[in-house]
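Structural description and commentary
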Amino acid sequence: MKNTKEKKIAEMMTVKAKLTAEIMQKILESDITNEETEAVLIKKLKIFRGVLFQNMNTTNTTIAPKIDFDESNLLHNGYLNPKYTFDNFVVGLGNKLIFDAAEAITDKPGKLYNPFFIHGGVGLGKTHIMKAIGNKILEKYPDKKVYYTSCKNFMEEMIQAIQNRTAFEFRQKYRMLDILLVDDIQFIQGKESTQEEFLHIFNSLFDEQKQIIITSDRSPKKLENIDETLKSKFTWGMVTDIS
């Protein structure tokens, strides 16, 4: 009887892993821009997980173990490459204003230009100046929790949290930050569930005067299929065009 049950569990977990991978891939594909599609896919994953847990005794079985929520492992990097600094950023006429604002932010993070929204084309230094801000803040305030993430990575984390039933840990990870750096926010377009989650995190950090820095390939007003409230909040601080 026990072997039969274990075999059934193994079969169901194999199917679950396959379905989860397929859903995550579809949600993260760049051609998926319809918020209804994303919501349907996430709902499908939740329903399947419900069926899985209803058909097995989880008392003696470990399913989708939670990710360790280790604050020490969290944030003094978060893909924040130390090579990106103000010293090696090339300052010109097109980015002098952004450079000056970025330096000012490091003196009083969360108090000036919050959020700081940088937009422009590829290769103009958006990511460089963003990471330079993060590195300088860590240099001045070593105890600050600074975290860099791409928008796509944020979505992957959110899907993983749904998969592993660690949504609380996911939210707490972001809400405990002092500085949040989000690259390429344009990929949130059409992703209704992701926008909703990001809006909650944005509100939590902003209300506590925690610094938020965002980059995009276009200005907030040119973002499409995005919640108007979130789009408006992107303009609350300083919006700058790097060129």
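Quick summary incoming for the structure in this document. Predicted model only: the values in this text are computed from it and were never measured.

The rules behind each value
- Residues numbered from 1 in each chain as written.
- Predicted model: local features only at pLDDT ≥ 70, side-chain atom pairs only at ≥ 80, totals over all residues.
- Heavy atoms only, no water.
- Buried < 20%, exposed > 50% of the residue type's maximum accessible area, 1.4 Å probe, protein only.
- Helix = DSSP H or I, 4+ residues; strand = E, 2+ residues; numbered from the N terminus.
- Pairing = 2+ DSSP bridges.
- Right-handed = clockwise from strand over helix to strand, strands pointing away.
- Phe/Tyr/Trp six-rings, centres within 6.5 Å; stacked < 30°, edge-to-face > 60°.
- Lys NZ or Arg CZ within 6 Å of the ring centre and 35° of its normal.

What to know about the pairing of strand β3 (residues 179–183)
With 5 of 5 residues buried, β3 is to be regarded as a mostly interior element. Strand direction decides the pairing type here: strand β2 (residues 146–150) and β3, joined by 5 bridges, are parallel. Paired with Y148 across the strands is L181, a residue of β3. What joins β3 to strand β4 (residues 211–216) is helix α7 (residues 192–207), and the crossover it makes is right-handed.

A word on the packing of aromatic side chains
Applying the stated criterion across every chain, the model contains 13 aromatic pairs. Arranged with centres 5.4 Å apart and planes meeting at 55°, the rings of F154 and F170 form a pair that is tilted. Placement of the pair is F154 in helix α5 (residues 151–164) and F170 in helix α6 (residues 167–175), with a sequence separation of 16 residues. Take F154 and F170: they sit in the same class, and that class is buried. Each ring, one from F202 and one from F206, has its centre 6.0 Å from the other, and the planes form 10°; the classification is stacked. Within this pair, F202 and its partner F206 are both found in helix α7, separated by 4 residues, close to a single helical turn. We classify F202 as buried; its relative accessible area is 1%. Put simply, the rings of F117, Y147, F154, F170, Y174, F198, F202, F206, F234 and W236 pair up and form one aromatic cluster. Between K144 and the ring centre of Y141, over which it is positioned, the NZ or CZ distance is 5.7 Å. Just above the ring of F187 sits the side chain of K152; from NZ or CZ to the centre is 4.5 Å.

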